[in-house]
Amino acid sequence: MRLFQAVKERITTRQAAERYGITVGRNGMCCCPFHNDRHPSMKIDDRFYCFSCGSTGDVIDFTGLLFRIEPVEAARKLAEDFDINYEYQGEPNNQIKDRKDRESSIITPVKKTEDQIFNEKRTKVARVYLDYRSDLNKQKEKYAK
Ligand SMILES: [Zn+2]
């Protein structure tokens with residue numbers, strides 16, 4: 001899942017925790033927000049682990065637990081809060097389409113654009129029409145005599 005991937009690659013659990021108001025000590029320990037923690041018992045870095053209640057996971061699990069939302073909502077929230085661009089799922093995706101177009105144009109650099117094809121056709125049609133008309137004029141001249 002691209003959204004999940006983007007979020008996990010860009011945000012550590014520690015960054016998310018700090019952003020959402022949790023104080024993390026220099027040693028990477030904080031008070032666990034998932035149980036009534038008086039002394040920091042959660043180790044938080046890329047992932048999190050609470051030595052007291054055993055809760056663990058990655059940045060998306062953490063945010064989901066913290067706000068009591070589904071993982072996909074947590075991932076979206078993180079992406080928004082940290083300004084991460086991600087590819088929407090199940091929607092027409094321009095980024096993917098653009099990339100595919102670019103790739104195919106690299107593989108086949110001579111591929112004509114639709115405009116080029118259209119212009120060529122138009123030129124051809126115009127030429128045929130002009131030929132036809134000049135034929136007609138010749139005929140006219142012929143019969144005029
Ligand atoms: Zn805990």
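Here the structure is shown first, and the text comes after it.
Everything numeric here is computed off the predicted structure, so don't read it as measured data. (Residues numbered from 1 in each chain as written. Predicted model: local features only at pLDDT ≥ 70, side-chain atom pairs only at ≥ 80, totals over all residues.)

### With respect to unusual backbone geometry
Peptide bonds are mostly trans, and most non-glycine residues show a negative phi. Threshold: Numbering of helices and strands starts at the N terminus; helices are DSSP runs of H or I of at least 4 residues and strands are runs of E of at least 2. The burial label depends on the number of other C-beta atoms within 10 Å of a residue's C-beta. Counts of 20 or more mean buried, 12 or fewer mean exposed, and intermediate counts mean partly exposed, with C-beta atoms placed from the backbone.
Despite not being glycine, Arg68 shows a phi value in the positive range, around 55°. Along the chain, Arg68 turns up in the loop between helix H3 (59-67) and helix H4 (71-81). Exposure remark for Arg68: the 8 C-beta atoms within 10 Å place this residue in the exposed category. Phi is positive for Asp83, which is not a glycine, with a value near 55°. Inspection of the secondary structure assignment puts Asp83 in the loop between H4 and helix H5 (94-107).

### Thoughts on H4
Definition in use: The directions from the helix axis to the C-beta atoms are what the arc is built from. For every residue pair, C-beta atoms are placed from the backbone, and the pair is scored as a contact if these atoms sit within 7 Å.
Among all positions of H4, only Ala74, Ala75 and Leu78 are buried. Buried residues in H4, looked at end-on, bunch into an arc of 100°, giving them a common side. As for H4, its buried residues are in contact with helix H1 (2-10), helix H2 (13-19) and H3. The positive-phi residue at the C-terminal boundary of H4 is Asp83, with phi of around 55°.

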